[in-house]
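Chain by chain, the residues:
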Amino acid sequence: MELRLNSPVGNLPAVYYWPLCKKKGYDEAKEIIETIVWGCSDIPDLSVPLKKNILHDVDVTSYESMKALTKRYNKAINNVLLLEKGTQKFCDRLNRVASKELLRHIIQQTYSAAVTDAEELNKYQAFSPDVYGETSFDLITQMLDVIKPGKDDVFVDLGSGVGQVVLQLAGASPCKRCVGIERADVPAKYAKAMESKFKFWMQWYGKRYGYFELIKGDFFHDAFRDKFTEATVIFVNNFAFGPAVDHKLKERFAELKQGTKIVSSKSFCPLNFRISDRNLSDIGTIMIVSEIAPVKSSVSWTGKPVSYYLHVIDRTKLEKYFQAKKNGSLHSLFAEDAETSCD
Ligand SMILES: CC(=O)NCCCCNc1ncnc2c1ncn2[C@@H]1O[C@H](CN(CCCNC(=O)Nc2ccc(C(C)(C)C)cc2)C(C)C)[C@@H](O)[C@H]1O
């Protein structure tokens, strides 16, 4: 016994099977109803019938009631598609960027469909993937408001897990490429399913998304050196990384393009780093670091507000240092204040 939902833009329908799934954090009947609401959200003519007729008097525990609900929704969608066929109205709502809230719903729906056994994913990760919509989604949205990536940007998530951040960037930003690199078998396996479910749902709603790839591998592997050199925006949730990994990342950052932005949960260089003859090999000599103030919601599990760090690659900092040194004005600029080093 199946329940079908027609695509509001005439693409392949979504198919659910009865009995529906209902477990911690995943209620398929609720998802069907939310998907019907979102499916109608771009069609003004349906906003009244949606409440008065389509969603009227639904019993999610009864197959007949759910079947009748999907029939009313599919009939309404078919009528609209027939009316709009070939008109400007149809073109106007096709391949637009999804709203933030719709994208949140799509990433949740993608995760629920792709990750069939959430227990298999280790749960100690900083932002456990099964509550992505309630936690990380807003944080990433805030970072996008700070970074404002454009159509010429190439985004990389270092250690991308099942790929939710990459999908959010692909759906919410104009980046020409979004890349995730994940080495562990289980998340990398689920990332494949996430990719296909995300593409299905974005087409179902008729929403646009940028080119993205979720790669399996260790981001330190030589094969991925070009992923660093081509990147212009890098996110790395390095809070739990050890000094060895952070050190090796700094070696990769030394090869980044001028102007590349790195956002991380632990800074790669002290905020008050000052170039001196004693720290010329530190990564701080080629990057400008700043703290991104936490929003109200971003408290960590310790309850205290956490900060994030923006690093911008700027080699002119080093050039200015040598220039100043050359024309001897250095000692006046940098009095004998405490020197800091990066490592
Ligand atoms: C030489 C050496 O020491 N090697 C050992 C270390 C290997 C390092 N190389 C790795 N390569 C590929 N993937 C690896 C390697 N290290 C570990 N991961 C994977 O990262 C995943 C965890 N990810 C999160 C997955 C979801 N993506 C996010 O949460 N992204 C994200 C990014 C930035 C932010 C902000 C901007 C807010 C800071 C927020 C979220 C983070 C915590 C690192 C796990 O699935 C790990 O398997």
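A brief report on the enclosed structure follows. Numbers given to residues run from 1 along each chain, matching the order in which its sequence is written. Reporting in this predicted model follows two pLDDT cut-offs: at least 70 for local features of residues, and 80 or more for side-chain atom pairs to be given and counted; totals over whole chains, interfaces and linings ignore these cut-offs and use all residues. Here the side-chain values reflect all heavy atoms present in the structure, with hydrogen atoms and water set aside.

Here a strand is any run of E in DSSP of at least two residues, a helix any run of H or I of at least four, and the numbering for each starts at the N terminus. Counting secondary structure elements, the chain contains 12 helices and 13 strands. Its C-alpha atoms give the chain principal-axis dimensions of roughly 85 × 45 × 40 Å. Whether a residue is buried, partly exposed or exposed follows from its accessible area with a 1.4 Å probe, protein chains only, as a fraction of its type maximum: under 20%, in between, or over 50%, in that order. Taken over 343 residues, the chain has a buried fraction of 47%. Of all intrachain contacts in the chain linking residues separated by at least 6 positions in sequence, the fraction that spans at least 24 positions is 71%. The Shrake-Rupley method, run with a 1.4 Å probe sphere, supplies the accessible areas, and residue values consider only the shown protein chains as cover. Total accessible area on the chain is roughly 17,400 Å²; 58% of this is exposed by carbon and sulfur atoms. Looking at charge distribution, the chain has the averaged site of its 47 positive side-chain charges lying 4 Å from that of its 43 negative ones. We call two residues in contact whenever any of their non-hydrogen atoms come within 4.5 Å of each other. Residues scored as positive are Lys and Arg, those scored as negative are Asp and Glu, and His as well as the terminal groups of each chain are ignored. To locate a charge, take atom NZ for lysine, CZ for arginine, CG for aspartate or CD for glutamate.

Turning next to the packing of aromatic side chains. Pairing of aromatic side chains here covers Phe, Tyr and the six-membered ring of Trp, requires ring centres within 6.5 Å, and sorts the geometry by plane angle: under 30 degrees stacked, over 60 edge-to-face, intermediate tilted. Taken as a whole and judged by the stated rule, the model has 13 aromatic pairs. A connected cluster of aromatic rings, assembled from ring pairs, spans Phe-200, Trp-201, Trp-204 and Tyr-205. Its guanidinium or amino end placed over the ring of Tyr-190, Lys-189 lies 4.6 Å from that ring's centre, counting from NZ or CZ. The rule for a charge over a ring is simple: NZ of Lys or CZ of Arg within 6 Å of the ring centre, and within 35 degrees of the ring normal. Here the guanidinium or amino end of Lys-199 rests over the ring plane of Phe-212, the centre of that ring lying 5.2 Å away.

With that out of the way, let us pick up the site of the ligand. Taken together, 28 residues are adjacent to the ligand, and Asp-157, Gly-159, Glu-182, Asp-218 and Phe-219 come closest. Between Asp-157 and the ligand, the recorded distance is 3.2 Å, taken from a side-chain N or O atom to a nitrogen atom. In this structure, Arg-183 approaches the ligand through a main-chain N or O atom, which is 3.2 Å from a nitrogen atom. Alone, the ligand offers 980 Å² of accessible surface; in the complex the protein occludes 84% of this. Secondary-structure elements contributing two or more residues to the shell around the ligand are helix H6 (136-147), strand E7 (177-182), strand E10 (233-236), helix H10 (243-253) and strand E11 (261-264). For the shell around the ligand, the element with the most residues is H6, which contributes 3 residues. Throughout this entry, Asp, Glu, Lys and Arg are counted as charged residues, while Ala, Val, Leu, Ile, Met, Phe, Trp, Tyr, Cys and Pro are counted as nonpolar. The remaining residues, Gly among them, count as polar. Looking at the shell around the ligand residue by residue, the class counts come to 15 nonpolar, 8 polar and 5 charged. If even one non-hydrogen atom of a residue comes within 4 Å of a molecule or strand, that residue is called near it. N or O atoms closer than or at 3.5 Å make up a polar contact, with two conditions inside protein: a donor-capable atom paired with an acceptor-capable one, and, for residues adjacent in sequence, both atoms drawn from side chains.

Looking now at the pattern of salt bridges. Any Lys or Arg side-chain nitrogen found within 4 Å of a carboxyl oxygen on Asp or Glu counts as a salt bridge. What the rule picks out here adds up to 18 salt bridges. The salt bridge partner of Arg-104 is Asp-138, with a shortest N-O separation of 2.8 Å. Taken as a pair, Arg-104 in helix H5 (residues 100-114) and Asp-138 in helix H6 lie far apart in primary sequence, 34 residues in all. The closest approach of N and O atoms between Lys-189 and Glu-120, which form a salt bridge, is 3.1 Å. A residue pair is termed long-range when its members are at least 10 positions apart, and Lys-189 in helix H8 (residues 185-205) and Glu-120 in the loop between H5 and H6 qualify at 69 residues. For Lys-189, a relative accessible area of 42% corresponds to the partly exposed category.

Looking now at the nonpolar core. Inside soluble globular proteins, nonpolar side chains tend to come together where they are buried. Membership of the largest hydrophobic core comes to 66 residues, with the highest contact counts inside it found for Phe-155, Leu-169 and Phe-235. When neighbours within four sequence positions are excluded, Phe-235 is seen to be in contact with Ile-140, Met-143, Ile-147, Phe-155, Val-156, Asp-157, Leu-158, Val-165, Leu-169 and Val-263. Within this scheme, the nonpolar core is defined by two criteria: the residues are buried Ala, Val, Leu, Ile, Met, Phe, Trp, Tyr or Cys, and they are joined through side-chain atoms within 4.5 Å. Grouped together as the second largest cluster of nonpolar side chains are 26 residues, Val-156, Phe-219, Leu-256 and Ile-313 included.

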